[in-house]
Amino acid sequence: MIPFRPHRYAAAAALLLALSRGLPACGGRTDDAPESGSAVCPPLPEPVYTEPWRPWFHFTPETNWMNDPNGLVFFRGEYHLFYQHQPEIPFFGPMHWGHAVSRDLVRWQPLPVALAPDPVGGQAYSGSGVVDRWNTSGLCRGAPGEAASCLAFLFTRHGGADGTEKQDLAVSNDAGRTLEPYAHNPVLPNPGGRDFRDPKVFWHEPTGRWVMVLAAGDRVRFFASQDLLEWTWLSDFGPAGTEPGVWECPDLFELPVDGLPGETRWVLKVDFNPGIVIGDSGAQFFVGWFDGARFLTEQVETRRVDFGADFYAAQSWSDTPQGRRIWIAWMNNWRYALFTPTAPWRGAMTVPREVRLSKQGEEIVLVQRPAPELDMLRHCLLFRAAGPLEIHGEADLSDRAAGETLEIRAVLDVRRARRTGLRVGVNPDREEATEIAYDTERETLSMDRGRSGTFFSERFSGLHEAPLALEDNLLDLHILVDRSSVEVFAAGGRVVMTDLVFPAPESRGVALFTEGGPAVVHALEIHSLGHIW
Ligand code: FRU
């Protein structure tokens, strides 16, 4: 049988027995669940990267520094992921654009550096990419007999000869392999002011023109263009919300609202960065309307995109098939990004997430889910239970469901417990675990990485919390554990938390727990995940 500590875990034993009866072994067999020890999983192919904490299914650069995703565009079957990169040192420095492509949003092929600092213009800071489908710029070269279309990238040049921030254009006529700077850059000079960066561009169909939104201190600014070359100012939005700091990396898009047939809303996402010493950087969003010139909203409060510490500078892909809205973020926080204890690389992306709007009660909420393409990473079903099963105290599942990379999906009835949830990265010998807990009285979901492993800086805060009122007291959790991160999608993706963690390699266990009363497991499924390289 599954070993457990009988005196402490008497009630858990009953659960484990029940769970193990419903447990299929790996490789699709359901009739010969192993009697003891872990489920038998076929070995994974050797990973290409073996350094401690190297993520297995999150994008990282092979070496050195990475921050924001840039130039996200889908073109001819490829998702392009450019990113802020310092290719020579594992620190923020003169910024370049790194580059990778993927056909499935899961496995990435690294490509050479795409943009470098320019002595006149300055560093290559963040920006976006679009398909110039009708050659509005006149810079696309079609193959003979083919309509000209190309990739266009609008990005910030920072510093340079005049020390300012301004927007440059580069195009690619070879599917993103070479980015050719426009001869008359900048296309949008600095109007005065220090912060003027991170342009996100999209085609606005009703007005038949390009729109650019960029960050300028405590506000975002909108500009329009017919040809991507000449831009005119439309309006500003902000200051707004309650988070301190400089705004960075805006994104703006329209989505249908699930539950409001025929209606759409616009989402303006913008990050706030109080600076490295003062506080945590993060992402907020506003739901409203964009009329082609102005962004309007009735929202006054700040709404967090992700309640963990490590989700920043998200950008959505342009030109995706079927109009899917998928974004990816830098999984880090400016508060401590320069010190995260990894080598020879520093910086990882979150998983790509599908973004939707949904009407829930009186509110329109943002819903994020891991892109379904990630399902292909499931390597082995370690654990499956079909409830209802009651737990008291702690149910340590580590003998069945341990791993460095895991996907956990659970539905728990929390009504009789005071606190209940899951621990991942569990290692009783080192007293390590990352705890995901729901507090029934306070109606909050929290992630506690205070005992997750290496705690490299006082700035690396331990506990993160989100308000979460449950329907019918049912807590559904979708958790992705990689070798140095935990992403939690709760309540169907309505509340999301992303945290970096740096556990010891042997801290791999999983446990359910409850305090102040029993909780009921309605469903639980745990997969080990493969790697993407
Ligand atoms: C956000 C940011 C952007 C800037 C880039 C520089 O993380 O500060 O505003 O363009 O990083 O790397």
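Residues numbered from 1 in each chain as written. Predicted model: local features only at pLDDT ≥ 70, side-chain atom pairs only at ≥ 80, totals over all residues. Heavy atoms only, no water.

S.K.: Quick rundown of the pairing of strand β26 (residues 419-427)? Include the residues and the values.
M.R.: Walk down a regular strand and you will see the side chains alternate between the two sheet faces. Buried residues dominate β26, accounting for nine of its nine residues. Linking β26 back to strand β27 (residues 432-439) in an antiparallel pair, the connection comprises four residues, with Glu431 at a positive phi of about 55°. Here β26 pairs with strand β33 (residues 509-515) via seven bridges, running antiparallel. Bridge pairing in β33 places Thr420 opposite Thr514. (Buried < 20%, exposed > 50% of the residue type's maximum accessible area, 1.4 Å probe, protein only. Helix = DSSP H or I, 4+ residues; strand = E, 2+ residues; numbered from the N terminus. Pairing = 2+ DSSP bridges.)

S.K.: For unusual backbone geometry, give the residues involved together with the corresponding values.
M.R.: A cis geometry characterises the amide bond from Asn185 onward to Pro186, with omega recorded as 0°. Locating Pro186 in the fold gives a position in the loop between β8 (180-181) and β9 (197-204). Backbone geometry at Trp53 places phi at a positive 70°, although glycine is not the residue there. Along the chain, Trp53 turns up in the loop between α1 (10-21) and β1 (64-75).

S.K.: Give me the state of the cysteines: which residues, what numbers.
M.R.: Across all of its chains, the model carries two disulfides by this definition. Shown here is the disulfide that connects Cys41 with Cys380, its sulfur atoms set 2.1 Å apart. Looking down the S-S bond of the Cys41 and Cys380 bridge, the torsion is -80°, so its handedness is left-handed. Placement of the pair is Cys41 in the loop between α1 and β1 and Cys380 in strand β23 (residues 378-391), with a sequence separation of 339 residues. Residue Cys41 is classed as partly exposed on the basis of its relative accessible area of 27%. Cys140 shares a disulfide with Cys150; S-S distance 2.1 Å. (Disulfide = S-S within 2.5 Å.)

Keep in mind these values describe shape, not function.
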